[in-house]
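Take a look at the letters that make up each chain.
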Amino acid sequence: TVHKNKIICLICSLLGGFAGLVGVVAILHGSASSNWPSVEGRILRAETSYGGSMQRTKSFRVSYSYSVNNKQHIGDRIGFMFDRGTFSNVMPYSVGQDVLVYYDPSDSSNTVLLTGVQPYYLFVAGLGIVFIMLGWVVHSLSPHQKHNGR
């Protein structure tokens, strides 16, 4: 039981640490992008694909063209987390659609269609905290082995 609880604690801590890190990085990038300039762009490709067990996981992939300082670019990122997808059930873009493309002023190839901190960034960071706390609770409540100094 002690060994099993240590494994559960370790798994929860690792999952929580990873989710928390991904969420915090997305929050930081999303926050920084709130002030990015935008240019007109056009959707070149918009695809919905299914994966995972029983083909239930929906993924959206887009690519878009845009121009900054008379230089043409192609981007493919919707937001800062889950680059090619969203949690929506409907593809939010269609081929030929005009969109605003937000770009990093220090690197015009770094673009997104959704700026700012999206709600699911906070969800993922919060989920990380929950897993870390769960690991701590399992560790705190589990019986600890006593070493008798031999």
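Cut-offs applied
- Residues numbered from 1 in each chain as written.
- Predicted model: local features only at pLDDT ≥ 70, side-chain atom pairs only at ≥ 80, totals over all residues.
- Heavy atoms only, no water.
- Helix = DSSP H or I, 4+ residues; strand = E, 2+ residues; numbered from the N terminus.
- Buried < 20%, exposed > 50% of the residue type's maximum accessible area, 1.4 Å probe, protein only.
- Areas by Shrake-Rupley, 256 points an atom, 1.4 Å probe, with all protein chains shown as cover.
- Patch = residues over 30% accessible without salt bridge, like charges linked within 9 Å, V, L, I, M, F, W, Y side chains within 5 Å.
- Salt bridge = Lys/Arg side-chain N within 4 Å of Asp/Glu carboxyl O.
- pLDDT = per-residue confidence, 0-100.
- Pairing = 2+ DSSP bridges.
- Core = buried A, V, L, I, M, F, W, Y, C linked by side-chain atoms within 4.5 Å.

**Some points on the overall build of the protein**
In terms of regular secondary structure, the protein is built from two helices and five strands. Of the regular secondary structure in the protein, the N- to C-terminal order runs α-β-β-β-β-β-α. Considering the protein as a whole, with its 150 residues, one finds that 35% of them fall into the buried category. Here the protein displays about 9,800 Å² of accessible surface, and carbon together with sulfur accounts for 60% of that area.

**Some thoughts on a nonpolar patch on the surface**
On the surface, a nonpolar cluster with roughly 260 Å² of combined accessible area is contributed by Ile 7, Ile 11 and Leu 15. Turning to its location among the elements, Ile 11 is positioned in helix H1 (residues 2–33).

**Some details on the confidence of the model for the protein**
When pLDDT is averaged across the protein, the result is 80; 81% of the residues are at 70 or more. Looking across the protein, the model is least confident in helix H2 (residues 119–141), with a mean pLDDT of 80, and most confident in strand S3 (residues 71–75), with 96.

**Details of the pairing of strand S5 (residues 107–112)**
Where strand S4 (residues 98–104) and S5 come together, three bridges link them in antiparallel fashion. When the sheet's bridge partners are listed, Tyr 103 is paired in S5 with Thr 111. Counting the residues that bridge the hairpin from S4 to S5 gives two residues.

**Points about unusual backbone geometry**
In this model, Asn 69 sits at a positive phi of 50°, which is unusual for a non-glycine residue. Asn 69 sits in the exposed class, given a relative accessible area of 73%. With a phi close to 60°, Asn 70 is a non-glycine residue in the positive phi region. Within the fold, Asn 70 resides in the loop between strand S2 (57–68) and S3.

**Looking at the pattern of salt bridges**
With the rule as written, the count across this model stands at two salt bridges. Linking Asp 98 and Arg 42 is a salt bridge whose minimum nitrogen-to-oxygen distance equals 2.7 Å. You can see Asp 98 sitting in strand S4 and its partner Arg 42 sitting in strand S1 (residues 38–51), a full 56 residues away along the chain. Note on Arg 42: relative accessible area 41%, which makes it partly exposed. Across the pair Glu 47 and Arg 45 runs a salt bridge whose closest N-O atoms are separated by 3.7 Å.

**Side note on the nonpolar core**
Where a protein is soluble and globular, its nonpolar side chains tend to be buried together. Formed by 13 residues in total, the largest nonpolar core has its most connected members in Tyr 64, Tyr 93, Val 101 and Leu 113. The set of elements that each furnish at least two residues to this core consists of S1, S2 and S4. At five residues, the largest contribution of residues to this core is made by S2.

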